[in-house]
Amino acid sequence: MKYLVSVLLAMLTFSLHAQDIALVQYANGFDRPTDIAHAGDGRLFIVEQQGVVLVLDENGDRLSTPFLDIENKVNFGENEQGMLGLAFDPDFANNGFFYVSYVTGNGSGISRVSRYSVSADPNVADADSETIILEVDQPQWNHNGGDINFGPDGYMYLGFGDGGSGGDPWGNAQNAQTLLGKMLRIDVNGAASYTVPADNPFVNDSDVLDEIWALGLRNPWRFSFDALTGDLWIGDVGQRNREEIDFQAAASPGGENYGWDCREGELSFNAPSNLCTPTLNLTEPVATYKASNFCNSVTGGYVYRGCRWPDLYGRYLYADYCNGLMWSILPDGQGGWTNEEVFNDPVIDISTFGVDQEGELYVARHGSGIIYQVTMGEELTSPEVDLDGEVVFVPAGLGAYQWFRNGEAIPGADSSAYRVVEDSGDYSVEITYSNGCTTLSEPLTVFILSTNNTLSFHQFTVHPNPFEGQLNLALELEQVGNLQLEILNMSGQKVWSENVGTTLQYSQTYDLQLLPKGVYFLRLITEQGEVSRKIVRQ
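What comes next concerns the included structure. (Residues numbered from 1 in each chain as written. Predicted model: local features only at pLDDT ≥ 70, side-chain atom pairs only at ≥ 80, totals over all residues. Heavy atoms only, no water.)

For the structure on display, the rule yields 22 aromatic pairs. Summarising the aromatic geometry, the rings of tyrosine 157 and phenylalanine 225 are spaced 4.8 Å apart at their centres and angled 70° between planes, so their arrangement reads as edge-to-face. Placement of the pair is tyrosine 157 in strand β12 (residues 156-160) and phenylalanine 225 in strand β15 (residues 222-225), with a sequence separation of 68 residues. Here tyrosine 157 matches phenylalanine 225 in class, with each residue buried. Its guanidinium or amino end placed over the ring of phenylalanine 97, arginine 115 lies 4.9 Å from that ring's centre, counting from NZ or CZ. When the ring centre of tryptophan 260 is taken as origin, the NZ or CZ atom of arginine 218, which lies over that ring, is 5.5 Å away. (Phe/Tyr/Trp six-rings, centres within 6.5 Å; stacked < 30°, edge-to-face > 60°. Helix = DSSP H or I, 4+ residues; strand = E, 2+ residues; numbered from the N terminus. Buried < 20%, exposed > 50% of the residue type's maximum accessible area, 1.4 Å probe, protein only. Lys NZ or Arg CZ within 6 Å of the ring centre and 35° of its normal.)

Let us look at the nonpolar core. With 23 residues, the main nonpolar core has Ile21, Leu23, Leu317, Met326 and Phe353 as its most contacted residues. Of all the secondary-structure elements, those providing two or more residues to this core are β2 (21-27), β22 (316-320), β24 (337-344), β25 (350-355), β26 (361-365) and β27 (371-376). Ignoring sequence-local partners within four residues, the contact set of methionine 326 consists of Ile21, Leu23, Leu317, Tyr318, Ala319, Glu340, Glu341, Val342, Phe343, Ile350, Phe353 and Val363. If you look at the next biggest cluster of nonpolar residues, it comprises 21 residues, including Val113, Met156, Leu180 and Leu215. (Core = buried A, V, L, I, M, F, W, Y, C linked by side-chain atoms within 4.5 Å. Contact = heavy atoms within 4.5 Å.)

Next up on the list: the layout of surface pockets. The probe, sized like a water molecule, is rolled over the atoms to show the empty space still left. When its volume is computed, the largest pocket comes out at roughly 760 Å³. The wall of the largest pocket is formed by 37 residues, among which His38, Asn149, Phe150, Tyr302 and Val355 lie closest to the centre. Listing elements by their share of the lining of the largest pocket, those giving two or more residues are β3 (33-38), β7 (83-88), β11 (148-150), β15, β21 (298-303) and β25. The volume enclosed by the second largest pocket comes to roughly 520 Å³. What lines the second largest pocket is a set of 28 residues, and nearest its centre among them are Glu80, Asn219, Val237, Ser297 and Tyr321. Here the residues of the lining of the second largest pocket sort into 7 nonpolar, 17 polar and 4 charged. (1 Å grid on protein atoms, 1.4 Å probe; cavity = no way out; pocket = protein on both sides within 12 Å on 5 of 7 lines; lining within 4 Å. Points joined across faces, edges and corners; volume = space filled by probe spheres on them. Nonpolar A, V, L, I, M, F, W, Y, C, P; charged D, E, K, R; others polar.)

In this section: the state of the cysteines. Applying the stated criterion across every chain yields a total of 3 disulfides. Disulfide pairing is shown between cysteine 262 and cysteine 276; the S-S distance is 2.1 Å. Across the S-S bond linking cysteine 262 and cysteine 276, the dihedral sits near -90°, which makes this disulfide left-handed. You can see cysteine 262 sitting in the loop between β17 (243-248) and β18 (263-264) and its partner cysteine 276 sitting in the loop between β19 (267-268) and β20 (287-289), a full 14 residues away along the chain. According to the relative accessible area criterion, cysteine 262 is buried, its value standing at 10%. (Disulfide = S-S within 2.5 Å.)

All chains considered together, the criterion is met by 17 salt bridges. The shortest N-O distance in the salt bridge between aspartate 35 and arginine 222 comes to 3.6 Å. Here aspartate 35 is found in strand β3, whereas its partner arginine 222 is found in strand β15, with 187 residues between them in sequence. Arginine 222 carries the same exposure label as aspartate 35, and that label is buried. Of the charged contacts, one joins aspartate 349 and arginine 365 as a salt bridge, the two residues approaching to 3.6 Å between their closest N and O atoms. With a gap of 16 residues between them, aspartate 349 in the loop between β24 and β25 and arginine 365 in strand β26 connect regions that are remote in the sequence. The structure contains a network of salt bridges with shared partners spanning Lys73, Arg112, Glu130 and Glu135. (Salt bridge = Lys/Arg side-chain N within 4 Å of Asp/Glu carboxyl O.)

As structure tokens, then:
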């Protein structure tokens, strides 16, 4: 992946407090992006509202040829119509299937979910391979929802709005005989367009359509699953007084009613009395807000499970499309949630979030067509391996350790330090942190060449290695001797020397900036013998 190129020019940082979000420009030039998806292979796919899907390769470079272009089928006559969702089959690497959600037809249109196949060119889909999975007539042009995702159970989840207009005039969100205003769960892995999973919550209730997984939604524009826990998070766009984030634990059997249009967020709403009875069991949102009297529109996001930004880990991020605000939700440790504002810039119209196969998080600006990577705090990096005598080491207490020599794991080398003894080679360490993330250090070359093994010492430290100009040497011999230091090039020619004199302990910093870049041997000579170690001037 292309990481943080020209950061100083591309990064937008907005200082609210020490834990603020920063957005780093990743790609641009898109036309009204509505969704970001990945296929598990290093690429990102950007959905454009008019009916085009474009590819960013593993380096973050945009390919000139669209992955899919179905503008001729897409109804983009109004602001909330168009192509709205993209999801790759969990077995995409083998079957080549992916799914799109778009509005077709005339006027208010029809919400359609279709399956397509990739062509022989992995960067181009077969535009003639459409299989229609599901269609829903729309009474108005707005509140189409349109997000599609595969859950951890392998089933497809779809979010549809209440049919549009204002105030849900048809009562669709609480009407169990329509798919509008609902979250659906279907199985698309059979020969038919889809089947209904046998464990859907209402399959034995003749009063409720079998496809329904949850109800009481106004416009679930973006929803996602926590990649670690499987929990479902829904951003449901409000009427005018409240935007809301809804939560469903992974262990839930489904069937939640999130309240619209009996209420808007935590507020009562003037819905028909026959729909909103006192016995109706409604699920409370985990967060609500009203940011402005002019416009509010929540864009649901993701729980960050990537490894590059430890301060971001475990946070659910969501945003407001109209106001350029972004919030973070974390469990409060007492069964509730902590919700905090982490970003504020009124020109940022965030239309969607997305993640890559490594769990790194992205957002899209709808109007400007810019894709940003989301960052927070300090980037996770592996500590530098250091050498003390015959011991390579990194700081203790970071996590679980595994040392490698020349790329091969060393059995039993699972602490923060490892004694090299006489095994020369490239030493590196992999650290696994408490959140499951791992880092692998850059290798440190340790070269021990003894032409007379009678020379022994309690300590022999050379650092840093590689070095840029300053080289630190610390030495403690086992017996007093007249110490001579030499640096030899790879041809064995002496390029530097110093007579230290009689000593038992010695430490010094040498300025070797005039030494050309390359690989050398530092040789220590006394009456008892000599020993050499590899050093690198970079």
